[in-house]
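Understanding the architecture of this molecule
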Amino acid sequence: MRLLKVVSICCFIVVLEMVGLRNLAFAQDKTGNAMTGVTLTSKQLNNIQQLENWIDNLTIMKANFQQIAPNGQRSTGQVWIKRPGRIRFEYDKPSQLLLVANEGKMVFHDGAVGQTTTIPIDQNPLGLLLKPDLHFSGDVTIVKYEKENGLIQVTVVRTASPSEGSLTLIFNQNYMVLRGWEVVDAQGQVTKVDLYDLHPKKSVSDELFNIHFKDDE
């Protein structure tokens, strides 16, 4: 059961060129060949630009979250984001699970057994959300764009390593505010996070993003 929790947490452990009225979002892979994404209309490109602006203007945020793990298990807690590069998921008690990203790493800590698992942030799709100056072109490719039920969903991958998984960012269409995300890891395991009660913050203690846990914590 512990292994399943580690896997479910770690798996989620986020200027397009314009040609006429319809446009192709694309980027280059390691071989220099064009990696084709989705075809976007001018209006969709405008929405993409607004999403980029919202993310780039995001510095510090706190929210409540609900997570649905690959096995369907639901959990809740609080999340802090401090861009670039830092995020903290604190799960509601009695859980002692903690996920923190900082210093280029994603660290999962299970306080119940004193175990810590670390992976590079650039090997997890969620790391895309924490990139400085995120743009949905170049090293990031849009592979899916959907708009329904008042939500805009944009699925992106790392251009050079799409097999590592995808990140779907979910925004409220009317307010262009992040509502959550869905991560598909390299094994096809899906983890979904819904955000509630988002609050921008002017400051937050850097201690929240400490990734150096003691074995007995």
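Treat the numbers as computed from the prediction; the structure is a model and nothing was measured.

Quick word on the side chain of R83
- Here R83 is to be found in the loop between β4 (74-82) and β5 (86-91).
- Buried charge R83 goes without a salt bridge, the closest partner of opposite sign being D56 at 4.3 Å.
- Not counting residues within four places of it along the chain, the set of residues in contact with R83 comprises I55, D56, L58, T59, L129, L130, K131, P132, D133 and L134.

So, the environment of P125
- With respect to the helices and strands, the residue P125 is situated in the loop between β8 (115-120) and β9 (140-148).
- Note on P125: relative accessible area 3%, which makes it buried.
- In the structure, P125 is positioned 41 residues away from S166 in sequence and 5.6 Å away in space, judged by C-alpha atoms.

Description of the pairing of β9
- Both β9 and strand β10 (residues 151-158) contribute to a ladder of 8 bridges, which runs antiparallel. Bridge pairing in β10 places K147 opposite I152.
- What sits between β9 and β10 in their antiparallel hairpin is a turn of 2 residues, with N149 showing a positive phi close to 55°.

Some words on the sheet that holds strand β13 (residues 190-200)
- Strands sit in the order β8-β7-β6-β5-β4-β3-β13-β12-β11-β10-β9 across an open sheet of 11 strands; the sheet is antiparallel. In this open sheet, the two edge strands, each paired with only one partner strand, are β8 and β9. Ignoring strand direction, the axes of neighbouring strands in this sheet form an average angle of 20°.
- Pairing of strand β3 (residues 60-68) with β13, which is carried by 7 bridges, proceeds in the antiparallel orientation. The residue bridging I68 from the neighbouring strand is K192, located in β13.
- The strands that helix α2 (residues 42-57) touches are β3, β9, β10, β11 (165-172) and β12 (178-185); relative to β9, the one it contacts most, it runs at about 110°.

Cut-off values and rules
Residues numbered from 1 in each chain as written. Predicted model: local features only at pLDDT ≥ 70, side-chain atom pairs only at ≥ 80, totals over all residues. Heavy atoms only, no water. Helix = DSSP H or I, 4+ residues; strand = E, 2+ residues; numbered from the N terminus. Buried < 20%, exposed > 50% of the residue type's maximum accessible area, 1.4 Å probe, protein only. Lys, Arg positive; Asp, Glu negative; His and termini not counted. Salt bridge = Lys/Arg side-chain N within 4 Å of Asp/Glu carboxyl O. Contact = heavy atoms within 4.5 Å. Pairing = 2+ DSSP bridges. Axes fitted to C-alpha atoms, helices over the stretch in contact; angles between N-to-C directions.

As far as function goes, none of this settles anything; it's purely spatial.
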